[in-house]
Amino acid sequence: MVLFMSSSYAVCPDSDLGEVMDEMKTTFKEMRGALEDEDWETIVSMRMEMQKLTAASAEHKPLKLEKIPAEEQSQFLADYQEGLTLLETKLDELEAAETTKDIELAKSIVEDIAKHNKSSHEKFKMKCD
Ligand code: HEM
């Protein structure tokens, strides 16, 4: 028996991608702290972890896909993969900034990532919280 049906959920359902993203959140937070401390060792290891998590994200599909009309789904998935590729590009830029230990450049790349994260969630995350 269906008691309640809605186009959105009160609470986001759990998903494999959500689990990867939760790890992304703690890793990114630690990265931002390390930037403030100019702790390059931690910046490097968090950047490497984020590269792994970005690759892992590409193995999953967003929950929102089920809300997208069938004829738009392949474009939605292509855009999602493109969003992950942009994150990968930013992480590669950060890797380059590590070699010259350019902290201001590293900070501006990380701010770009934060903006990209926000706009990606607006596009690809199901509205449920
Ligand atoms: C630093 C970068 C990012 C951080 C810190 C981050 C963090 C998060 C967090 C905390 C969640 C909620 C997880 C949950 O439901 O428990 C989430 C969900 C999500 N994120 Fe990200 N994210 C980042 C980048 C991205 C990018 C670049 C994309 C897409 C190109 C993306 C797509 C999504 C999607 C689709 C969900 C919903 C999960 C699902 O549909 O199963 N995120 N993210």
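All of these numbers come straight from a predicted model, not from anything done at the bench. (Residues numbered from 1 in each chain as written. Predicted model: local features only at pLDDT ≥ 70, side-chain atom pairs only at ≥ 80, totals over all residues.)

A. Just the overall build of the protein, in detail. The helix and strand inventory of the protein stands at four helices and zero strands. Listed by position from the N terminus, the elements making up the protein come as α-α-α-α. Oriented by its inertia axes, the alpha-carbon framework of the protein measures out at about 60 × 30 × 20 Å. Across the 129 residues of the protein, 14% fall into the buried class. Long-range contacts, defined as pairs at least 24 residues apart, comprise 66% of the intrachain contacts of the protein with a sequence gap of at least 6. (Helix = DSSP H or I, 4+ residues; strand = E, 2+ residues; numbered from the N terminus. Buried ≥ 20, exposed ≤ 12 C-beta atoms within 10 Å, placed from the backbone. Contact = placed C-beta atoms within 7 Å.)

B. Quick peek at the site of the ligand. Close to the ligand lie 24 residues; Ser15, Gly18, Met21, Pro62 and Gly83 are nearest. Those elements that place two or more of their residues in the shell around the ligand are α1 (16-36), α3 (73-99) and α4 (103-124). For the shell around the ligand, the element with the highest residue contribution is α1, accounting for seven residues. Considered class by class, the residues forming the shell around the ligand number 13 nonpolar, seven polar and four charged. (Near = placed C-beta within 6 Å. Nonpolar A, V, L, I, M, F, W, Y, C, P; charged D, E, K, R; others polar.)

C. Expanded view of the nonpolar core. In terms of nonpolar packing, the biggest core is built from twelve residues, these being Met31, Ala34, Leu35, Ile43, Met46, Met50, Leu87, Leu94, Ala106, Ile109, Val110 and Ile113. Ranked by the residues each element gives to this core, the list is headed by α4, at four residues. Discounting chain neighbours no more than four positions away, the residues touching Ile109 are Lys90, Glu93, Leu94 and Ala97. (Core = buried A, V, L, I, M, F, W, Y, C linked by C-beta atoms within 7 Å.)

D. Representation of α1 within the structure. Under the 1.5 Å per step criterion, the end-to-end length of α1 is 31 Å for 21 residues, consistent within 8% with the ideal 30 Å. Here α1 has its buried residues at Leu17, Met31, Ala34 and Leu35. On an axial view of α1, the arc spanned by its buried residues comes to 95°, and they lie on one face. Across α1 from its buried face, at more than 90 degrees, point the exposed residues Glu19, Asp22, Lys25, Thr26, Lys29 and Glu36. Contacts made by the buried residues of α1 are with α2 (40-57) and α4. Phi turns positive, to about 50°, at Glu38, one or two residues after α1. (Expected span 1.5 Å × (residues − 1). Arc of directions from axis to C-beta.)

E. Layout of the environment of Thr54. Tracing the sequence through the fold places Thr54 in helix α2. Here Thr54 falls in the partly exposed class, since 19 other C-beta atoms lie within 10 Å of it. Separated by 30 residues in the primary sequence, Thr54 and Met24 place their C-alpha atoms 8.3 Å from one another. In this structure, Thr54 is in contact with Leu84, Leu87, Glu88 and Leu91, ignoring residues within four places of it in sequence.

F. Representation of the packing of α3 against α4. The contact between α3 and α4 brings their axes to 9 Å, and the two run at 170°. By the angle between their axes, α3 is roughly antiparallel relative to α4. Residues Asp79, Tyr80, Gly83, Leu86, Leu87, Lys90, Glu93, Leu94 and Ala97 of α3 form the contact with α4, whose participating residues are Leu105, Ala106, Ile109, Asp112, Ile113, His116, Ser120, Lys123 and Phe124. Within the contact of α3 with α4, the residues separate by chemical class into ten nonpolar, three polar and five charged. (Axes fitted to C-alpha atoms, helices over the stretch in contact; angles between N-to-C directions. Parallel < 35°, antiparallel > 145°, perpendicular 65-115°, else oblique.)

G. Inspection of the environment of Asp79 at higher detail. Note on placement: Asp79 falls in helix α3. Judged by the 13 C-beta atoms lying within 10 Å of it, Asp79 is partly exposed. Sequence separation of Asp79 and Lys123 is 44 residues, and the distance between their C-alpha atoms is 9.1 Å.

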